Amino acid sequence: MIYFDNAATTSVNKQVLDAYYDLCLKYYGNASSNHAYGLESSRLLSYAREQILKLFGLEKTHQLVFTSGATEANNLAIKGVALAYKNRGKHLITTSIEHPSVLNAFKQLEEEFGFEVTYLPVNEDGVVRIEDLEKAMRNDTVLVSIMATNNETGSINDIKAIRKVIDNYPKCFFHSDTTQAITKLDIDYNLLDMFIASAHKVHGLKGSGMLIIKNNIKPLALLSGGGQENNLRSGTSDVPKDVVLAKTIRLALDNQKQSFNYVKKINDYLREELSKIEEVVINSPHDASPYILNFSLREHKASVIVEGLSLKGIMVSTISACSSKRNEKSHVLVAMDKDIRLASNPIRLSFDESNTLLEAQEFIKVLKELLAITK
Ligand code: PMP
């Protein structure tokens, strides 16, 4: 199998899985129990929390909430902060290219809780224009949420420039969905009030993630209960899972530079070869994350080609795993002003360090064959 769908999910690292297995057997005590065995779990959990914050150099300024993934982390950041600080103002800003876990959280705040939301457009590269953000900011804006890297195209937003604008509004918090960027791209995390990760996107376990949040911010908890996670996310802690998240992040960060350079070579090769195919339009801008390469087909239905590739053992996505089953056009490509035909027929390739140039060559060969025989 050739697996080019790493933005949907990655394989689990065996070291992570082995550690998880051992931890499950050794530390099943409830971290909230007061006996010595429970306290051992609690100590492990605190250690993992500290380790992750240290890996990002944020142990003095930020706190960490373990979650079930990026969807929960986005929901806690967005709904939690908007609802907790609603008396400061009810205007929120996000972009039109966010993942559904962000867009639908904002939609709910708009429709059910009376917030006003500005959805920023993007330029033809899928990047937010700083002047559009400047124009949208108001004195009652309490939250700006702008993704670091887009999951369909890999387009990268300018976190530094966005922070500079938000700094003029001291009442406003800055959240970024960093799911596709964390441990992959260089980001100055100090510039963010809140950011997130989903373990399974970086060779960790499914159902595991985190929200990192500045110490002075107190979102409204979405899960009420026994007060775990500093009262921000109740429910018995999954200690082994949370502990191996620290390992997952450490391994990925250790490998970040090498992995980036490696996947870039594969991406560059594919970009060059794809651009020689007449009916291909490459949607990812040149300076996008090298982990993602998105292109559209002018004459073929992408879903037919993706199915054909799958039958030949090559796994790729059409839109994104979260939207592809619904047979929609890509809201991201529509926002980038691509015409409907192109926005309805994208193919997303996404890589990791286990992919090879040979696989990329095989992909191009099979794609050309499929384009020649299908209509
Ligand atoms: N944000 C982005 C940018 C993503 O790519 C994804 C995964 N498709 C998510 C959030 C949600 O992640 P999860 O399904 O792990 O909650």
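Residues numbered from 1 in each chain as written. Predicted model: local features only at pLDDT ≥ 70, side-chain atom pairs only at ≥ 80, totals over all residues. Heavy atoms only, no water.

So, helix α1 (residues 14–26): which residues are in play, and what are the values?
In a regular helix each residue adds 1.5 Å, so 13 residues correspond to 18 Å; α1 covers 18 Å between its end C-alpha atoms and thus fits that length. If you check which residues of α1 are buried, you get Val16, Ala19 and Leu23. Burial along α1 is one-sided: seen end-on, the buried residues are contained in an arc of 70 degrees. The outward face of α1, more than 90 degrees from its buried face, is lined by the exposed residues Lys14, Tyr21 and Leu25. Looking at where α1 begins, the residue whose side-chain oxygen comes 2.8 Å from the main-chain nitrogen of Gln15 is Asn13. (Helix = DSSP H or I, 4+ residues; strand = E, 2+ residues; numbered from the N terminus. Expected span 1.5 Å × (residues − 1). Buried < 20%, exposed > 50% of the residue type's maximum accessible area, 1.4 Å probe, protein only. Arc of directions from axis to C-beta. Polar contact = N/O pair within 3.5 Å; in protein donor to acceptor, adjacent residues only side chain to side chain.)

Residue-level account of the site of the ligand, with values.
As a matter of local geometry, the ligand sits amid 14 residues, with Thr71, Asp177, Ser198, His200 and Lys201 nearest to it. Ala70 places a polar main-chain atom, nitrogen or oxygen, 3.3 Å from an oxygen atom of the ligand. Side-chain polar atom of His200 to an oxygen atom of the ligand: 2.8 Å apart, as the coordinates give it. Surface burial for the ligand is 87%, taken as the share of its 400 Å² of free accessible area covered by protein chains. Per element, the largest residue contribution to the shell around the ligand is three residues, and it comes from helix α3 (residues 70–84). (Near = heavy atom within 4 Å. Areas by Shrake-Rupley, 256 points an atom, 1.4 Å probe, with all protein chains shown as cover.)

Could you give me a rundown of the sheet that holds strand β3 (residues 91–95), with the residues and numbers involved?
Pairing within the open sheet is mixed, and its seven strands lie in the order β2-β8-β7-β6-β5-β3-β4. Looking at which strands have only one partner, the edges of the open sheet turn out to be β2 (62–67) and β4 (116–120). Averaged over all adjacent pairs, the angle separating strand axes in this sheet is 20 degrees, with direction ignored. Pairing between β3 and β4: five bridges, direction parallel. In the sheet register, Ile93 faces β4, and the bridge partner there is Thr118. The strands touched by helix α7 (residues 239–254) within the sheet are β2, β7 (194–198) and β8 (209–214), with β8 carrying the most contacts at an inclination of about 80 degrees. (Pairing = 2+ DSSP bridges. Axes fitted to C-alpha atoms, helices over the stretch in contact; angles between N-to-C directions. Contact = heavy atoms within 4.5 Å.)

Got a sec to walk through the pattern of salt bridges? Specific residues and values, please.
Applying the stated criterion across every chain, the model contains 14 salt bridges. Taken together, the shared-partner salt bridges in this structure form one network comprising Arg163, Asp167, Asp193 and Lys214. (Salt bridge = Lys/Arg side-chain N within 4 Å of Asp/Glu carboxyl O.)

Describe helix α2 (residues 36–55), listing the residues and the values that go with them.
An ideal rise of 1.5 Å per residue puts 28 Å on 20 residues; α2 measures up with 28 Å between its terminal C-alpha atoms. Residues of α2 that are buried: Gly38, Ser41, Leu45, Ala48, Ile52 and Leu53. In an axial view of α2, the angular spread of the buried residues amounts to 130 degrees, which keeps them on one side of the axis. Residues of α2 that are exposed and angled more than 90 degrees away from the buried face: Ala36 and Arg43. Where α2 is buried, its residues meet β2, β8 and α7. The positive-phi residue at the C-terminal boundary of α2 is Gly57, with phi of around 70 degrees.

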